[in-house]
Amino acid sequence: MPAEPALLKPNPAELLSLPEKPLGPPLRIAILGYRSDPYGGGQGVYIKYLSKALVESGHRVDVISGPPYPQLDPRVRLIRLPSLDLFENGLCSLRWGHLHSWSNILEWLSKLSGGFAEPMTFGRRAVKYLRQHHGDYDLVHDNQSLSYGMLTLQQMGVPLVTTLHHPITSDLRIAIKAANKWWRKLLIYRWHSFLWMQKRVARRLHNIVTVSECSRQDIARDFGLQPAGIHLVYNGIDTGDFRPLPKVQRKPLRLMATASADQPLKGLRYLLTAYARLLRSYPDLELLVVGKPRSGGQTEKLLHKLGLADKVRFVNAISTQQLVHYYAEATLVVVPSVYEGFGLPAAEAMACAAPVVSTSGGALPEVVGDAGVQVPVRNVAALVREISTLLDDPRLREQLGARGYERITQKFCWRLTARNMSAYYYQVLGCANS
């Protein structure tokens, strides 16, 4: 009797290219984002790739956004809702013509007093637009504005889904803990005063989706919701953009991190401290940070204190192609975050087959799993130890890179995210029409 043929392990890239049967008819979807620049954080990345994946699933998608505006797939239409964009233009940009709008006045007064009113004022502008155009859409998907305007849309009978990436209460707690002066704590509390609105709105929304189990539990705890009432759809990675580049040679001694340099949430200070210690044993070790430290900010001060001002290289506003190239060059990628609602920097690096050292902050264990090395948050000694181990073990780095690539392509691709999100949309519409 002939032997049975050996079972071949399927190639994840080939599986992703196979056509899938649609779950239902194409939908007309509006995605709302109060600021959607992908260089400004994970929310912009989410809008860019979710809208693209939904279009590729057969839906028609418009993104309705305030500035800074997103970079979108050509098949996705961008509808701009201008604001004062005071973080870019400054308080002195107010003109007499702006005073005809209560949203402009509220935005300016809030910024003047140290607040952040963009989510609320964007919601007002979105309602104004959708009062005239909501018939153009089967469903509206809000990307964490959690503004009073979303309750108005819900009352209008507009089928509404809201993504809540993670509760900003986590950012507030971490920022307060990192502040060392009483007046700085007051400014932080004032800036986060929009949380009062977000908590109130979240408790009255019918359809909330989040991006990790960790976020689901944290949202439920901080916003007073039931975990079972929050739907989970994991984020994805565009494995067409983020992929290994076999022809690019890895640098022998380069660490890389993607972190908003002056956000305590991202934990860059712990990586910088670890890097200063690592230089004693690895004097030629490089550190490349995708981010931009604020002039005179805490990161810049720490760099000078540690004697790293001329050692760390910062890059920002780079293209996706350049980012992928940097991942391909990195010896290993470090994610030092104190908290992540999902962990895009880790997932992107893994998709590029870069070995990853991450903390256990937030949802990072869900994303990294056993395909990377994890250390406790804020633990500089553990970062030094595990980075040193990987720098000295090329074989282990290669194994981790391969495992990371396989994990992302099988569990966290945008095609799977779009399919799961579409299923949730049909569920929401079914309840709305019943």
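Now for a look at the structure at hand. (Residues numbered from 1 in each chain as written. Predicted model: local features only at pLDDT ≥ 70, side-chain atom pairs only at ≥ 80, totals over all residues. Heavy atoms only, no water.)

1. Here's the deal with the state of the cysteines
Evaluated as defined, the whole model comprises zero disulfides. Its sulfur unpaired, Cys413 is 15 Å from the next cysteine sulfur, which belongs to Cys352. For Cys413, a relative accessible area of 4% gives the class buried. (Disulfide = S-S within 2.5 Å. Buried < 20%, exposed > 50% of the residue type's maximum accessible area, 1.4 Å probe, protein only.)

2. Digging into the sheet that holds strand 5 (residues 160–163)
Strand order in the open sheet made by the seven strands is 3-2-1-4-5-6-7, with parallel pairing throughout. Of all strands in the sheet, those bounded by a partner on one side alone are strand 3 (77–80) and strand 7 (230–232). On average, adjacent strands in this sheet sit at an angle of 25° to one another, irrespective of strand direction. Note that strand 5 and strand 6 (residues 208–210) share two bridges and pair parallel. Pairing of Thr163 across the sheet is with Val209, part of strand 6. Contacts from helix 2 (residues 42–56) reach strand 1 (28–33), strand 2 (60–65), strand 4 (139–143) and strand 5, with the element oriented near 175° to strand 1. Across the sheet, helix 18 (residues 414–433) lies against strand 1, strand 4, strand 5, strand 6 and strand 7, angled at about 125° from strand 4, the strand it touches most. (Pairing = 2+ DSSP bridges. Helix = DSSP H or I, 4+ residues; strand = E, 2+ residues; numbered from the N terminus. Axes fitted to C-alpha atoms, helices over the stretch in contact; angles between N-to-C directions. Contact = heavy atoms within 4.5 Å.)

3. Some thoughts on helix 10 (residues 213–223)
Where burial is concerned, most of helix 10 is hidden: eight out of the 11 residues are buried. Of the surrounding elements, those touching the buried residues of helix 10 are helix 7 (169–178), helix 9 (194–202), strand 6, strand 7 and helix 15 (364–368). Gly224 sits one or two residues past helix 10 and shows a positive phi near 70°.

4. Topic: the pattern of salt bridges
Counted by the stated rule, this structure contains 15 salt bridges. One salt-bridge network, in which partners are shared between bridges, spans Arg173, Asp218, Arg221 and Asp222. (Salt bridge = Lys/Arg side-chain N within 4 Å of Asp/Glu carboxyl O.)

5. Quick look at the sheet that holds strand 13 (residues 373–375)
Taken in spatial order, the six strands of this open sheet run 10-9-8-11-12-13, and their pairing is parallel. Each of the sheet's edge strands pairs with one partner strand only, and the pair in question is strand 10 (312–315) and strand 13. Neighbouring strand axes in the sheet, compared pairwise and without regard to direction, differ in orientation by 25° on average. Note: strand 8 (residues 254–258) against strand 9 (residues 286–290), five bridges, orientation parallel. Bridging across to strand 9, Arg254 finds its partner in Glu286. In the packing of helix 11 (residues 268–281) onto the sheet, the strands contacted are strand 8, strand 9, strand 10 and strand 11 (332–335), and the crossing angle to strand 9 comes to about 165°.

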